[in-house]
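Read off the chains here:
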Amino acid sequence: TNKNARLRGTLEYRLWRKAVYERDNYTCVWCKKSKEISGKLNADHIKPFAYFPELRFAIDNGRTLCESCHKKTDTYMSKVFKFNPKNYA
């Protein structure tokens, strides 16, 4: 939504992403590829941004994934609409 897009543009969100990348040493936690090897990294919310607003900026709810690993997650892009938050309770 527009609200989610605005939140993702905030300083707090950028600081969250940076903290996740630094904690994970700018390396995908699944395949272990670094930014130099994988090309692009994503800071992924383990419990989805839309369903868990209280965890949006929690560092321990984030992980660094390369773009190809990120696409394999349950909640990547339109897959989030099939997501069942009860599975994460």
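The coordinates are above.
A.B. asks: Describe the overall build of the chain, naming the residues involved and giving the relevant values.
C.D. replies: When helices and strands are tallied, the chain shows four helices and two strands. Overall, the chain shows an N-to-C arrangement of helices and strands of α-α-α-β-β-α. Every one of the 89 residues in the chain was classed for burial, and the buried ones make up 35%. Carbon and sulfur atoms make up 54% of the accessible area of the chain, which amounts to about 6,000 Å² in all.

A.B. asks: Got a sec to walk through helix α2 (residues 11-23)? Specific residues and values, please.
C.D. replies: With 13 residues, α2 extends 18 Å from end C-alpha to end C-alpha; this agrees with the ideal 18 Å at 1.5 Å per step. Every buried residue belonging to α2 is among Y13, W16, V20 and Y21, and all of these are buried. Axial view of α2: buried residues confined to an arc of 130°, hence all on one face. Here the buried face of α2 lies against α1 (2-8), β1 (41-45) and β2 (62-66). The first or second residue beyond α2 is N25, which carries a positive phi of 55°.

A.B. asks: Before we move on, can you summarise unusual backbone geometry with the specific residues and values?
C.D. replies: Not every positive phi belongs to a glycine, and Y26 is a case in point at roughly 50°. Structurally, the position occupied by Y26 is in the loop between α2 and α3 (35-38). Positive phi, normally seen in glycine, also occurs at K32, with a value near 70°. Here K32 is to be found in the loop between α2 and α3.

A.B. asks: Provide a residue-level description of the nonpolar core, including the pertinent values.
C.D. replies: Core analysis: the biggest nonpolar cluster contains 11 residues, these being Y13, W16, V20, Y21, C28, L41, A43, F49, L65, C66 and C69. Sorting the residues of this core by element identifies α2, β1 and β2 as the ones contributing at least two each. No other element matches the four residues that α2 contributes to this core. Contacts of C28, omitting those with residues within four sequence positions, involve K33, L41, T64, L65, C66 and C69.

A.B. asks: Describe the pairing of β2, with residues and values.
C.D. replies: For β2, the buried fraction is high: five of the five residues fall into the buried class. Residues G62, T64 and C66 of β2 are buried on one face, and the alternating residues R63 and L65, pointing to the opposite face, are buried as well. Of the pairings in the sheet, the one linking β1 to β2 comprises five bridges and is antiparallel in character. Following the sheet pairing, H45 is matched in β2 by G62.

What counts, and where the lines are drawn
- Residues numbered from 1 in each chain as written.
- Predicted model: local features only at pLDDT ≥ 70, side-chain atom pairs only at ≥ 80, totals over all residues.
- Heavy atoms only, no water.
- Helix = DSSP H or I, 4+ residues; strand = E, 2+ residues; numbered from the N terminus.
- Buried < 20%, exposed > 50% of the residue type's maximum accessible area, 1.4 Å probe, protein only.
- Areas by Shrake-Rupley, 256 points an atom, 1.4 Å probe, with all protein chains shown as cover.
- Expected span 1.5 Å × (residues − 1).
- Arc of directions from axis to C-beta.
- Contact = heavy atoms within 4.5 Å.
- Core = buried A, V, L, I, M, F, W, Y, C linked by side-chain atoms within 4.5 Å.
- Pairing = 2+ DSSP bridges.

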